[in-house]
Amino acid sequence: MSKMGCNEFLNQLDAWMEGERTADARAHLHECAHCRGLVADMDAIRQTAGVWAAEEADPPAHVWVSLRARLEQEGLIRDEVHVDEPSRTERPRGWFAGIFGAVPRPALAGAYLLALVTVSVALTGPSTKQLNESRWIRGTQDSTGTLSAQLQNAERDSVSAMAESDPVVTASLHDNLAIVDNYIALCEKSVREEPENEIARDYLYDAYEQKADLLAQMTERGVNGR
Amino acid sequence: MRPTHRIEGCVPTGSVARTRRIETGEVPEAESIRRAQQGDAAAFERLYVLHSRRVYSLCLRMVGNTAEAEDLTQEAFLQLFRKIATFRGESAFSTWLHRLAVNVVLMKLRKKSGKETSLEQVTEPDEESGTPRRDFGAPDLVLSGSIDRVNLQRAVEQLPPGYKSVFVLHDVQGYEHNEIAEMMGCSIGNSKSQLHKARMRLRDLLQEELRSKAREDRRAAGSASGSEG
């Protein structure tokens, strides 16, 4: 017969759950249905916690978009970073590097992005997205329409702001705008063809953001007369 | 047709939700930290991609609400990036980040409960003695086979913040007590004690839920047989 009582076993419960099982504890458990029930319940809780652990999810894309806008507003992100030892795997600067290389990150870019994010978040909503896919798809369609209209307005402002700028730079910016517009058209086509495809929708938002950033830089250049 | 590439050089904003499609082996974490300390946007994004899933999941489990979890995830990363210049690598970056995230969540939970209390104070008075409550009079209901993730999540939401944090960090997120102690700024013994109390309280809550369900079933069965008669 076990010398251990229920309270003593309870004090050793966590050790038991971690696999430290003394002979006395084993003997007590053999005799005590109450403590066997307790151990079974603890196992059930732990197993269910394991199931819960397997259910991980990525945060929605807008979390990073908002975060990035905040980082830009606070000046934590800098466009021109002089890394001591550039890595061989560094992301190539790409097609507008030559034009914007010397331009400090425009404050207006953050403002534009923030405005766009606000519109998109307000119209789609993260909870809605997760709770009701079809409603989110409709929301996406509505909000992309709004974003598109906002961008058209922003484009008009940016182009007029560039009126006094260097014609060569202006021409280059218009070329780049055309590239982004083509990208947007491609993404919009993808979303129309596969409205339920979340990746396609993400790319479309991404394309809009790229255009917003470009327009912001155009406006900044125009305002600064560069 | 789906676009399969990004326009190089454009702002990578918004691409992070597609975490799994980003090749995470590209730049070592230490290099990303170093670059982020210099304000490199791509490095910030990469650190976010590497850790956001785990931080968001932690926040979601702690608050049980997607909108709040998103806010908390953003707040945790914002605090991290504000302080990243001070990171010297004494502790693992992920531990540092998770400590920040846990503190952000705890602060939120404390504000919600209207208390500005320390971790040690967020337990309940009847369990401060360290001896878990036992109710030998109540009939035991077997939880095994009767509970699922939804039951557990509901019960976890009812735990005091301190219990909840330790339970989620240990039994769900898989941290060891020494890591939890470091994250939460408490002793290892305190972490173990909180976990023990959390599990016992969860058992009580889950059993109570089963009893309520059994009572409802009996009532429904009674009213069904009454209407037949």
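Everything numeric here is computed off the predicted structure, so don't read it as measured data.

Along its length, chain A carries eleven helices and zero strands. Walking chain A from its N terminus toward its C terminus, one meets helices and strands in the order α-α-α-α-α-α-α-α-α-α-α. Per-residue burial for chain A yields a buried fraction of 46% across its 226 residues. The long-range fraction of contacts in chain A, counting pairs at least 24 apart against all pairs at least 6 apart in sequence, stands at 69%. Here chain A displays about 10900 Å² of accessible surface, and carbon together with sulfur accounts for 52% of that area.

Glancing now at the overall build of chain B. Per the secondary structure count, chain B includes eight helices and zero strands. Reading the helices (α) and strands (β) of chain B from amino to carboxyl end gives α-α-α-α-α-α-α-α. By the burial criterion, 52% of the 229 residues in chain B qualify as buried. Long-range pairs, those at least 24 residues apart, make up 66% of the contacts in chain B with a sequence separation of at least 6. Accessible surface computed for chain B: about 10300 Å², of which carbon and sulfur atoms make up 49%.

Next up on the list: the packing of aromatic side chains. Centre-to-centre distance and the angle between the planes together describe a pair of aromatic rings. In total, this model carries eight aromatic pairs over all chains according to the counting rule given. Arranged with centres 6.1 Å apart and planes meeting at 55 degrees, the rings of B:Phe93 and B:Trp96 form a pair that is tilted. On the criterion of helical spacing, the pair formed by B:Phe93 and B:Trp96 is a turn pair, its members being three residues apart in helix H4 (residues 93-112). Taken individually, B:Phe93 and B:Trp96 each receive the classification buried, so the pair is uniform in this respect. Through a chain of ring-to-ring contacts, three or more aromatic side chains come together here, namely A:Trp64, B:Phe44, B:Tyr48, B:Phe77 and B:Phe81.

Attention shifts here to helix H7 (residues 177-184) of chain B. Residue and element names in this part refer to chain B. Those residues of H7 lying buried are His177, Ile180, Ala181, Met183 and Met184. End-on view of H7: buried residues confined to an arc of 165 degrees, all on one side of the axis. At the C-terminal side of H7, Gly185 shows a positive phi close to 65 degrees.

So, how was this worked out
- Residues numbered from 1 in each chain as written.
- Chains lettered and ligands numbered in written order.
- Predicted model: local features only at pLDDT ≥ 70, side-chain atom pairs only at ≥ 80, totals over all residues.
- Heavy atoms only, no water.
- Helix = DSSP H or I, 4+ residues; strand = E, 2+ residues; numbered from the N terminus.
- Buried < 20%, exposed > 50% of the residue type's maximum accessible area, 1.4 Å probe, protein only.
- Contact = heavy atoms within 4.5 Å.
- Areas by Shrake-Rupley, 256 points an atom, 1.4 Å probe, with all protein chains shown as cover.
- Phe/Tyr/Trp six-rings, centres within 6.5 Å; stacked < 30°, edge-to-face > 60°.
- Arc of directions from axis to C-beta.

The values reported here are purely geometric and, on their own, carry no functional implication.
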